[in-house]
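Here is how the chains run, residue by residue.
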Amino acid sequence: MASLSDIGVAGAINILSAFAFFIVFAVLRIQPFNDRVYFPKWYLKGLRCSPIRTDAFVSKFVNLDFRSYLRFLNWMPEALRMPEPELIDHAGLDSAVYLRIYLIGLKIFVPITILAFSVMVPVNWTNGSLERSKFSHSNIDKLSISNVPNGSPRFWTHLNIGGQINSRYLLGMCHPTLMNQFLSLWNIFFLVNHPDHYLTHQVVYNANKLSKLVDEKKKLQNWLDYYQLKYTRNQSQRPTTKTGTLGLCGKRMDAIDFYTSKIEKISREMAQEKENTISSSKYVMPASFVSFKTRWGAAVCAQTQQTRNPTVWLTEWAPEPRDIYWANLAIPYVSLSVRRLIIAVAFFFLTFFFMIPIALVQSLANIEGIEKALPFLKPIIEVAVIKSFIQGFLPGIALKIFLIFLPTILMLMSKFEGFISTSTMERRSATRYYIFQFINVFLGSIITGTAFQQLNNFMHQSANEIPKTIGVSIPMKATFFITYIMVDGWAGVAAEILRLKPLIMYHLKNSFLVKTEKDREEAMDPGTLGFNTGEPQIQLYFLLGLVYAVVSPVLLPFILVFFGLAYVVYRHQIINVYNQEYESAAAFWPDVHGRIIVALIVSQLLLMGLLSTKEAAQSTPLLITLPVLTIWFHLFCKGRYEPAFLRYPLQEAMMKDTLEKAREPNLNLKGFLQTAYVHPVFKGGDDSDSDSATDEIAEEPTLVPTKRHSQRSTPLPSKLSGSLS
């Protein structure tokens with residue numbers, strides 16, 4: 001069990017690590033040859049061409065301005081200087097709202113920390129319950145509720161603070177922005193039912209096979225570029241390669257000729273597959289992107305039922321073109337429910353079977369566990385510095401390493417479910433990540449850690465005393481979470497700004513693969529913010545802060561440092577590094593609100609159970625009102641604000657349509673929307689027939705005027721109807 005000195009050692013290690021990361025980052029970021037790694041967003045926007053340097057040759061690689069090294073922390077005020085409206089224009093609404101999560105953490109936990117340390121810590125510290133007990137404890141546990149004797153009137157202080165935390169919680173909401181494009185079906189239906197507003201449509205094709213050929217061609221082209229670059233640097237000898245698997249076996253032949261012939265072959269296959277996709281009806285999916293002349297007409301269509309039969313002519317808002325995950329558009333609608341059931345079952349087993357290795361990690365990542373598993377290390381472990389390192393640092397880093405591959409697994413699950421937008425997949429993955437962390441990291445660590453730490457007490461006491469032992473031990477588990485916060489929230493956030501892996505990969509690609517400016521842009525591609533991993537991790541800190549605010553307030557300063565440091569670091573990264581692939585109009589905000597509400601309710605229920613084990617059951621009636629009020633507040637916010645994320649107000653649509661007509665009376669909206677939702681494999685690339693293919697796809701069928709009034713009220717589905725992805 002970590003003591004105060006162990007926490008101090010862990011804090012020193014993580015603070016020094018974070019400071020070292022900042023210093024290394026400060027030196028690397030001002031070197032000219034690293035400019036595209038630490039400021040890629042400005043290059044992608046075309047606002048930065050080359051790093052500033054003098055005429056000296058060495059200045060092309062090393063910054064010779066020694067005064068800039070003295071201002072190694074000037075990136076922090078620069079990250080805070082950009083106002084939010086400018087940040088939204090620069091990085092997008094999703095990124096700006098993501099940063100607000102950190103601000104909400106500061107707004108919630110700053111007053112809670114002040115209140116807890118001015119009231120709760122003195123109340124807990126001035127008792128001697130743990131010293132008179134038989135429980136294993138450390139000095140830091142005397143700051144928790146475990147140090148208050150059973151039945152003490154001091155528990156009313158904890159009850160009062162818990163109520164104040166509940167009353168202080170207020171969470172604002174933001175409103176979604178407009179999306180002009182929409183999912184629907186064929187244009188005949190909309191010309192009949194929306195004759196004044198329908199503009200154009202884009203049929204969805206199953207182009208997954210063609211997409212695989214395009215990806216394969218890109219890989220071959222990269223190898224061809226590599227060998228051509230190699231030959232231009234040394235023309236005395238043409239490069240060769242083996243034709244077998246991974247170039248490790250088979251016949252050796254000229255590499256340039258080999259890859260040129262393979263590219264020509266796959267180009268012919270692509271042309272044939274593209275023609276088949278466009279001309280054959282079996283590639284046409286029962287879904288289409290439909291665009292309208294006005295926002296008002298689109299809002300009416302997307303938010304109303306189109307026919308009496310609710311299973312046909314389904315309409316919903318479309319993601320923006322960058323957000324579409326094209327491979328899933330080819331999945332039949334009827335198979336989506338089956339896929340989601342399979343993933344639900346798989347996630348259930350993944351979550352609960354993952355408890356076994358986490359319990360093993362918890363048992364080994366402490367002094368007692370290591371001495372039992374490896375008794376020959378006992379003389380080394382008992383050294384004071386090593387002992388402090390193991391108890392204060394090892395548990396957090398062990399859990400961090402153990403969860404590295406989890407986000408990738410959860411994202412693959414979301415893709416298998418068949419969601420048609422990347423933002424939806426990331427939100428679903430984030431939800432599962434949060435559930436996983438709540439069950440395994442939070443509950444699992446508390447239960448297994450308590451069991452291992454108080455194993456001797458469990459074995460030598462009656463069954464009715466076990467709940468009391470757990471009630472005392474749960475607050476003591478705060479020391480583990482403190483080490484985890486320092487590893488993940490301090491050193492981990494500081495390591496984020498260093499971008500060590502992208503730095504190494506960029507220079508490797510730049511040295512061996514980059515041939516053109518386009519290649520350089522691909523090499524410095526910074527990726528996105530990673531909402532599916534970042535947001536659940538933030539929510540874990542909300543959960544820990546709210547749960548331990550009353551029972552062990554010593555954890556709160558560590559939470560505050562995380563939120564403050566992460567806000568500055570990620571604001572810098574959003575401004576200078578990450579390039580958001582899509583805009584979802586902050587659709588994730590209701591999830592953020594809901595998870596904070598869940599954390600608040602969990603903290604109240606745990607406090608209720610904890611006080612019941614401390615013979616303070618008379619406070620239970622008052623504690624019951626807290627989750628009731630919290631749930632009422634959530635339902636109020638859900639009913640009042642959530643519609644803003646699901647529906648688009650007709651008043652707002654009409655106002656923007658009127659302004660657009662006044663400002664841009666000659667806007668060619670149809671010319672833009674005809675190709676906005678064409679599959680990427682038809683849009684561009686290296687094939688000469690890509691433009692003609694795009695024109696053929698965008699071309700609208702000729703309609704024969706007919707009288708279709710009788711079909712407006714038919715209860716039977718049309719032959720052209722189908723379900724949306």
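Residues numbered from 1 in each chain as written. Predicted model: local features only at pLDDT ≥ 70, side-chain atom pairs only at ≥ 80, totals over all residues. Heavy atoms only, no water.

The subject of this paragraph is empty space enclosed by the protein. Counted according to the given criterion, the structure contains 5 cavities of 30 Å³ or more. Approximately 130 Å³ is the volume attributed to the largest cavity. Surrounding the largest cavity, 14 residues form its lining, Asp94, Phe531, Gln580, Tyr582 and Phe588 being those nearest its centre. Residues of the lining of the largest cavity, tallied by class, amount to 5 nonpolar, 6 polar and 3 charged. (1 Å grid on protein atoms, 1.4 Å probe; cavity = no way out; pocket = protein on both sides within 12 Å on 5 of 7 lines; lining within 4 Å. Points joined across faces, edges and corners; volume = space filled by probe spheres on them. Nonpolar A, V, L, I, M, F, W, Y, C, P; charged D, E, K, R; others polar.)

So, on to the pattern of salt bridges. All told, the structure shown has 13 salt bridges when counted by the stated rule. Between glutamate 320 and arginine 322 there is a salt bridge, and its shortest N-O distance comes to 2.9 Å. Taking the relative accessible area as the measure of exposure, arginine 322 reaches 47% and is therefore partly exposed. Notably, a salt bridge pairs glutamate 652 with lysine 656, separated by 4.0 Å at the nearest N-O pair. Of the two residues, glutamate 652 and lysine 656 are both situated in helix 32 (residues 650-663); the distance of 4 residues between them amounts to about one turn of the helix. It is possible to trace a salt-bridge network through shared partners that takes in Arg238, Asp254 and Asp257. (Salt bridge = Lys/Arg side-chain N within 4 Å of Asp/Glu carboxyl O. Buried < 20%, exposed > 50% of the residue type's maximum accessible area, 1.4 Å probe, protein only. Helix = DSSP H or I, 4+ residues; strand = E, 2+ residues; numbered from the N terminus.)

This part covers the pairing of strand 5 (residues 284-292). Successive side chains on a regular strand alternate, one facing one side of the sheet and the next facing the other. Of all 9 residues in strand 5, 7 are buried; the element is thus mostly enclosed. Sheet analysis places strand 2 (residues 198-205) next to strand 5, joined by 6 bridges and oriented antiparallel. The residue of strand 5 that forms the bridge with valine 203 is serine 288. (Pairing = 2+ DSSP bridges.)

Across all of its chains, the model carries 33 aromatic pairs by this definition. With a centroid separation of 6.0 Å and 25° between ring planes, the pair formed by tryptophan 223 and tyrosine 227 is classed as stacked. Placement of both tryptophan 223 and tyrosine 227 in helix 11 (residues 208-233) is noted, with a separation of 4 residues, approximately one turn of the helix. When its relative accessible area of 42% is taken as the criterion, tryptophan 223 is described as partly exposed. Measuring from centroid to centroid gives 6.3 Å for tryptophan 317 and tyrosine 648, while their planes differ by 75°, and the two rings are edge-to-face. With tryptophan 317 in strand 6 (residues 316-317) and tyrosine 648 in the loop between helix 31 (643-646) and helix 32, this residue pair connects regions lying 331 residues apart in the sequence. Summarising the burial analysis for this pair, tryptophan 317 and tyrosine 648 share the class buried. (Phe/Tyr/Trp six-rings, centres within 6.5 Å; stacked < 30°, edge-to-face > 60°.)

So, about the packing of helix 13 (residues 295-302) against helix 32. With their axes 7 Å apart at the nearest point, helix 13 and helix 32 run at an angle of 155° to one another. The angle between the axes of helix 13 and helix 32 places the two elements in the roughly antiparallel class. In contact with Arg295, Trp296, Ala299 and Val300 of helix 13, helix 32 contributes Leu650, Ala653, Met654, Lys656, Asp657 and Glu660. Looking at the contact of helix 13 with helix 32, its residues break down into 6 nonpolar, no polar and 4 charged. (Axes fitted to C-alpha atoms, helices over the stretch in contact; angles between N-to-C directions. Parallel < 35°, antiparallel > 145°, perpendicular 65-115°, else oblique. Contact = heavy atoms within 4.5 Å.)

Secondary-structure assignment places glutamate 535 in helix 27 (residues 531-551). Residue glutamate 535 is classed as buried on the basis of its relative accessible area, which comes to 0%.

With that settled, consider the nonpolar core. Formed by 115 residues in total, the largest nonpolar core has its most connected members in Tyr102, Phe109 and Tyr548. Setting aside anything within four residues of it in sequence, one finds phenylalanine 109 in contact with Tyr541, Phe542, Gly545, Leu546, Leu556, Ile559, Leu560 and Phe563. (Core = buried A, V, L, I, M, F, W, Y, C linked by side-chain atoms within 4.5 Å.)

The next point concerns the environment of isoleucine 446. Summarising the element assignment, isoleucine 446 is placed in helix 21 (residues 422-453). The class of isoleucine 446 is buried, set by a relative accessible area of 6%. Sequence separation between isoleucine 446 and proline 475 is 29 residues; the distance between their C-alpha atoms is 9.1 Å.

What follows covers helix 20 (residues 406-417). For helix 20, with 12 residues, the first-to-last C-alpha span of 17 Å sits near the 16 Å given by 1.5 Å per residue. Buried within helix 20 are the following residues: Leu406, Pro407, Leu410, Met411, Met413, Ser414 and Glu417. Projected onto a plane normal to the axis of helix 20, the buried residues spread over an arc of 155° and lie on a single side. Positive backbone phi, at 100°, marks glycine 418, one or two positions downstream of helix 20. (Expected span 1.5 Å × (residues − 1). Arc of directions from axis to C-beta.)

Mean pLDDT over the protein: 77, with 75% of residues reaching 70 or higher. pLDDT under 50 marks residues 699-725. Its contacts with residues more than four places away, or in other chains, come to 49 contacts. (pLDDT = per-residue confidence, 0-100.)

Phi at arginine 499 takes a positive value of approximately 50°, unusual for a residue other than glycine. Tracing the sequence through the fold places arginine 499 in the loop between helix 24 (478-498) and helix 25 (500-512). In this structure arginine 499 comes out as buried when scored by relative accessible area, which is 7%. Here the phi dihedral of alanine 585 falls at roughly 60°; this positive angle occurs in a residue that is not glycine. The exposure class assigned to alanine 585 is buried, which follows from its relative accessible area of 5%.

Let us look at the environment of phenylalanine 190. Position of phenylalanine 190 among the secondary structure elements: in helix 10 (residues 187-193). Each C-alpha atom of the pair phenylalanine 190 and cysteine 301 lies 9.2 Å from the other, and the pair is 111 residues apart in sequence.

In this section: helix 7 (residues 93-125). With 33 residues, helix 7 ought to run about 48 Å at 1.5 Å a step, and its terminal C-alpha atoms sit 46 Å apart, in line with that. Along helix 7, the sharpest kink reaches roughly 40°, centred on alanine 116. (Bend = angle between axes of the 7 residues up to and from the residue.)

Two elements in contact, helix 24 and helix 27, have axes whose closest approach is 12 Å; the angle formed by their N-to-C orientations is 150°. In terms of orientation, helix 24 and helix 27 fall into the roughly antiparallel class. Our pair here, helix 24 against helix 27, has a crossing hand that is left-handed. For the pair helix 24 and helix 27, contact is made by Ala478, Phe481, Tyr484, Ile485, Asp488 and Gly489 and by Gln537, Leu540, Tyr541, Leu544 and Tyr548, respectively. Looking at side-chain class alone, the contact of helix 24 with helix 27 contains 8 nonpolar, 2 polar and 1 charged residues. (Left-handed = near helix turned anticlockwise from the far one by under 90°.)

Glancing now at the environment of leucine 220. You can see leucine 220 is positioned in helix 11. A sequence separation of 38 residues divides leucine 220 from phenylalanine 258, and the C-alpha atoms of the two residues are 10.0 Å apart.

In this section: a negative patch on the surface. Among the surface-exposed residues, Glu521, Glu522, Asp525 and Glu581 lie close enough to one another that they form a single negatively charged patch. If you trace the backbone, glutamate 521 turns up in helix 26 (residues 517-523). Glutamate 521 gets classed as partly exposed once you look at its relative accessible area, which sits at 36%. (Patch = residues over 30% accessible without salt bridge, like charges linked within 9 Å, V, L, I, M, F, W, Y side chains within 5 Å. Areas by Shrake-Rupley, 256 points an atom, 1.4 Å probe, with all protein chains shown as cover. Lys, Arg positive; Asp, Glu negative; His and termini not counted. Charge placed at Lys NZ, Arg CZ, Asp CG, Glu CD.)

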